Amino acid sequence: MSVSLQQPMRPAEIALVELANANETDIAQEIVDRIAADTTLQNNIDAEETARKAADTTLQNNIDAEETARK
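Residues numbered from 1 in each chain as written. Predicted model: local features only at pLDDT ≥ 70, side-chain atom pairs only at ≥ 80, totals over all residues. Heavy atoms only, no water.

S.K.: Account for the overall build of the protein chain, with residues named and values stated.
M.R.: Within the protein chain, the regular secondary structure consists of one helix and zero strands. Its C-alpha radius of gyration of 28 Å places the protein chain more than 25% over the 11 Å reference for a compact globule of 71 residues. Summarising its shape, the C-alpha atoms of the protein chain cover approximately 95 × 15 × 5 Å along the three principal directions. Counting every position in the protein chain, which comprises 71 residues, the buried fraction comes to 3%. About 6,100 Å² of surface is accessible on the protein chain, with carbon and sulfur atoms providing 59% of the total. Measuring between centres, the 6 positive side-chain charges of the protein chain sit 10 Å from its 14 negative side-chain charges. (Helix = DSSP H or I, 4+ residues; strand = E, 2+ residues; numbered from the N terminus. Rg over C-alpha atoms; globule rule 2.2 N^0.38 Å. Buried < 20%, exposed > 50% of the residue type's maximum accessible area, 1.4 Å probe, protein only. Areas by Shrake-Rupley, 256 points an atom, 1.4 Å probe, with all protein chains shown as cover. Lys, Arg positive; Asp, Glu negative; His and termini not counted. Charge placed at Lys NZ, Arg CZ, Asp CG, Glu CD.)

S.K.: For a nonpolar patch on the surface, give the residues involved together with the corresponding values.
M.R.: A cluster of nonpolar side chains, namely Ile-27, Ile-31 and Ile-35, defines an oily patch on the protein surface of about 300 Å² accessible area. On the secondary structure map, Ile-31 appears in helix α1 (residues 11–70). Owing to a relative accessible area of 48%, Ile-31 belongs among the partly exposed residues under this scheme. (Patch = residues over 30% accessible without salt bridge, like charges linked within 9 Å, V, L, I, M, F, W, Y side chains within 5 Å. Salt bridge = Lys/Arg side-chain N within 4 Å of Asp/Glu carboxyl O.)

Written out as C-alpha cells, the structure reads:
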C-alpha cells in the first residue's frame, strides 16, 4: 500500500514518502522473483531426482545382466 503524497509536505517528507513507495515496489518484485526462482529450483530438483532414479534403474539392470551372464 503506497503512502500518499498529501500536501502540504516539506521536500524531505516528499523524498521520504517516495523512497518508501519505491522500497515497497522493490520488495514486491523481490517476492515475485523469489517465488519464480524457488519454482525453477524445485523443478530442477525434481528433474534431477527423475534422472538419478532412471540411471539407478539402468545401472541395476546392467548389474543383473552381468550377474546372469556370469552364471
